[in-house]
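Tertiary structure, described
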Amino acid sequence: AKGKNNLILNTYLGLNQNGKVQVEYIWIGGNGELRSKTRTLPRVVNSLKDISAWNYDGSSTDQATGDNSEVYLVPVKFVKDPFRGGDNLLCMCETLNAKTMQPLLTNHRRAACKIFESKAVKEEETWYGIEQEYTLFGAYNKTPLGFPQNGFPAPQGPYYCSVGSNLAIGRQIAEAHYRACLYAGLDISGINAEVMPGQWEFQVGPCIGIDSGDQLWLARYILQRVAEDFNATVSYEPKPVSGDWNGAGAHTNYSTKSMRADGGYTAIIDAIQKMEKMHAEHMCVYGLDNKKRLTGKHETANWQTFKYGVADRGASIRIPRQSELEKKGYFEDRRPAANCDPYQVTSIIAKTTLLDAIYPTENIESGDAALDSDDEASVPLQSVE
């Protein structure tokens, strides 16, 4: 590709940095996309306190107006940088209004932290394992890898957990991402080819509380950077190809201390029944265009209904057979879309199951746009006035 030569690049990356460290500041932009830029720090980083706050031009990310454009970056978690190596780092950041120091509308981490820091939630040690599905496209193609430019490949069926160059399409990207996440120190627990050609999944967890969202966003960033090297792009669209093809989700596995203890099956059922009452509210934050995916087909429950069952992949929430047999364990919320914000998903699950949250009706009405982009819904512009 033009402007790319990894062999020559590696020559420069091997040069001595003279004790300086490069830190990649990563944040969520105004439309839920990842953004980043690099800063040189004078010495090796030993703790989060060693990474200073920074700012960026929010008018270029749909998060501020041009006459008052600065958005404040607050570092929250850092990991080793698998692209630059050495002592260099990737750092996830929160975004704040530079004047009021309040979180931007797109910063859902701050609200999630309040939930995870509450006594009832902390005592239950909430564990999350998120199964992030994604679809690979060529850099300038409108069809997924493995799809012909005109028409469709063979029907889905042989691609899931497949072996073979005609089936496991994009394996090198998935493998490179897997190893890069391990190098970074993320709790990536596995990968597999998914049901549609060009579609893959990686799992992050188990992670406790807010760390689940931090790690998933960092893993997403690493995936998109890896894809750059293969001249590919990553789509988290819930329904990347219309028709008889599976969508892409972010199935969220969840447990509490009570669920994991002997006899915890009662706590599992109790939590699911609470979530049933709040189904509409959860759907409002489970991803844009999720209606297109949750049709009742292709291993989903219809977005308008709620049902749970043991080993049922057509349910809203699946209880693993092992949890039923052992009468303890966890459950899987299959409703979140691949493009969801994990801070919102993990925190609303904890809020509903442990804080007995009751959400006002107006939140349902305003949040319903999150289900379908056809309603011309958009993230409101955040001024830093």
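Residues numbered from 1 in each chain as written. Predicted model: local features only at pLDDT ≥ 70, side-chain atom pairs only at ≥ 80, totals over all residues. Heavy atoms only, no water.

**With respect to the environment of Glu-201**
For clarity, the threshold we go by: Put simply, DSSP H or I for four residues or longer makes a helix, DSSP E for two residues or longer makes a strand, and each gets a number counted from the N terminus. Relative accessibility thresholds used throughout: buried, under 20% of the residue-type maximum; exposed, over 50%; partly exposed, between the two (1.4 Å probe, protein chains only).
Along the chain, Glu-201 turns up in strand E8 (residues 199-208). The class for Glu-201 is buried, based on a relative accessible area of 5%. In this structure the C-alpha to C-alpha distance between Glu-201 and Val-345, which are 144 residues apart in sequence, comes to 18 Å.

**Details of helix H2 (residues 109-116)**
The α-helix advances 3.6 residues per turn, and as a result positions three or four apart in sequence lie on the same side. What counts, and what does not: The directions considered for the arc are those from the helix axis to the C-beta atoms. Any two residues whose heavy atoms approach within 4.5 Å at even a single point are treated as in contact.
Of the positions making up H2, those classed as buried are Arg-109, Ala-112, Cys-113, Ile-115 and Phe-116. The arc enclosing the buried residues of H2, seen along the axis, measures out at 160°, which places them on a common side. Where H2 is buried, its residues touch strand E4 (70-80), strand E5 (89-97), helix H3 (119-124), strand E6 (127-138), helix H5 (211-229) and helix H10 (342-354).

**Examining the sheet that holds strand E3 (residues 54-57)**
Strand pairing in a sheet is mediated by backbone hydrogen bonds. Such pairs are either parallel or antiparallel. To keep it simple, the criterion reads: Two strands form a pair only when DSSP identifies at least two bridges running between them. Axis lines are fitted through C-alpha atoms, for helices just across the contact stretch, and the angle between N-to-C directions can take any value from 0 to 180 degrees.
Spatially, E2-E1-E5-E4-E3 is the arrangement adopted by the five strands of the open sheet, whose pairing is mixed. Strands with a single pairing partner mark the edges of an open sheet, and in this sheet they are strand E2 (34-41) and E3. The mean inter-strand angle of the sheet, taken between neighbouring strand axes irrespective of direction, is 40°. One ladder, built from four bridges, connects strand E1 (residues 21-28) with E5; its direction is parallel. In the strand pairing of E5, Ile-26 is matched with Met-92.

**Considerations on the packing of helix H7 (residues 265-277) against H10**
We count it as follows: In these notes the angle categories are as follows: under 35 degrees is roughly parallel, over 145 is roughly antiparallel, 65 to 115 is roughly perpendicular, and the rest is oblique. Charged residues are taken to be Asp, Glu, Lys and Arg, nonpolar residues to be Ala, Val, Leu, Ile, Met, Phe, Trp, Tyr, Cys and Pro, and polar residues to be all remaining types, Gly included.
Where H7 meets H10, the closest approach of the two axes is 8 Å, and the angle between their N-to-C directions is 110°. Taken together, the axes of H7 and H10 are roughly perpendicular relative to one another. On H10, the residues touching Ala-271, Lys-274 and Met-275 of H7 are Ile-349, Thr-352 and Thr-353. For the contact of H7 with H10, a count of residues per class yields three nonpolar, two polar and one charged.

**Some thoughts on the confidence of the model for the protein**
As a reminder of what qualifies: Residue-level confidence of the predictor, termed pLDDT, takes values from 0 up to 100.
Scored by pLDDT, the protein comes out at a mean of 91, with 92% of its residues at no less than 70. In the predicted structure, residues 360-370 sits below a pLDDT of 50 and forms twelve contacts with residues beyond four places in sequence or in another chain. Every residue in residues 374-385 scores below 50 in pLDDT, and together they form 33 contacts with partners more than four places removed in sequence or on other chains.

**A look at the environment of Cys-207**
Positionally, Cys-207 belongs in strand E8. Sequence-wise, Cys-207 and Pro-82 are 125 residues apart; in three dimensions their C-alpha atoms are separated by 21 Å. When neighbours within four sequence positions are excluded, Cys-207 is seen to be in contact with Thr-126, Trp-127, Tyr-128, Asp-187, Ser-212 and Gln-215.

**Details of helix H4 (residues 171-184)**
Cut-off, in case you're wondering: A helix is expected to reach a length of 1.5 Å times the quantity of its residues less one.
Counted at 1.5 Å a residue, the expected span for H4 with its 14 residues is 20 Å, and the 20 Å between its end C-alpha atoms agrees. Turning to H4, its buried residues are Ile-173, Ala-174, His-177, Ala-180, Cys-181 and Ala-184. When H4 is viewed along its axis, its buried side chains cluster within an angular range of 130° and face the same direction. Residues of H4 that are exposed and point over 90 degrees away from its buried face: Gln-172 and Arg-179. Lining the buried residues of H4 we find E4, E6, strand E7 (188-193), E8, H5 and strand E9 (232-235).

**Let's talk about the packing of H2 against H10**
How we decide: Left-handed describes a crossing in which the near helix is turned anticlockwise from the far one by less than a right angle; the clockwise case is right-handed.
Relative to each other, H2 and H10 sit at 30°, their axes nearing to 9 Å. Taken as axis vectors, H2 and H10 run roughly parallel relative to one another. Handedness of the crossing formed by H2 with H10: left-handed. Judged by residue contacts, Arg-109, Ala-112, Ile-115 and Phe-116 of H2 engage Tyr-343, Thr-346, Ser-347, Ala-350 and Lys-351 from H10. Taken together, the residues of the contact of H2 with H10 sort by class into five nonpolar, two polar and two charged.

**Brief notes about the packing of aromatic side chains**
The cut-off we apply is this: Two rings belonging to Phe, Tyr or Trp (six-membered ring only in the last case) form a pair when the distance between their centres is within 6.5 Å. Interplanar angles under 30 degrees mark stacking, angles over 60 mark edge-to-face geometry, and anything in between is tilted. Whether a charge lies above a ring is judged from NZ of Lys or CZ of Arg, which has to be within 6 Å of the ring centre and within 35 degrees of the ring normal.
One pass over the structure, following the stated rule, counts nine aromatic pairs. Both rings, one in Phe-116 and one in Tyr-128, keep their centres 5.9 Å apart while their planes meet at 85°; by these two values the pair is edge-to-face. With Phe-116 in helix H2 and Tyr-128 in strand E6, the pair connects residues that are twelve residues apart, well separated along the chain. For Tyr-128, a relative accessible area of 1% corresponds to the buried category. Centre to centre, the rings of Tyr-254 and Phe-331 are 5.5 Å apart; their planes meet at 65°, and the pair counts as edge-to-face. Of this pair, Tyr-254 sits in strand E10 (residues 250-255) while Phe-331 is found in strand E13 (residues 331-333), placing the two residues 77 residues apart along the sequence. Its relative accessible area of 0% is what places Tyr-254 among the buried residues. Residue Phe-331 is classed as buried on the basis of its relative accessible area of 0%. Among the aromatic residues, ring-to-ring pairing joins Phe-116, Tyr-128, Tyr-254 and Phe-331 into one connected group. Here Arg-220 stacks its cationic end above the ring of Tyr-236, 5.3 Å away from the centre of that ring. If you follow Arg-260 out to its NZ or CZ, it ends over the ring of Trp-127, 3.7 Å from the centre.

**Structural notes on the pairing of E3**
Alternating residues of E3 divide into Trp-54 and Tyr-56, all buried, and Asn-55 and Asp-57, none buried. In this structure, E3 lies alongside E4, joined through four bridges in antiparallel fashion. Counted as the bridge partner of Trp-54 is Leu-73 from E4.

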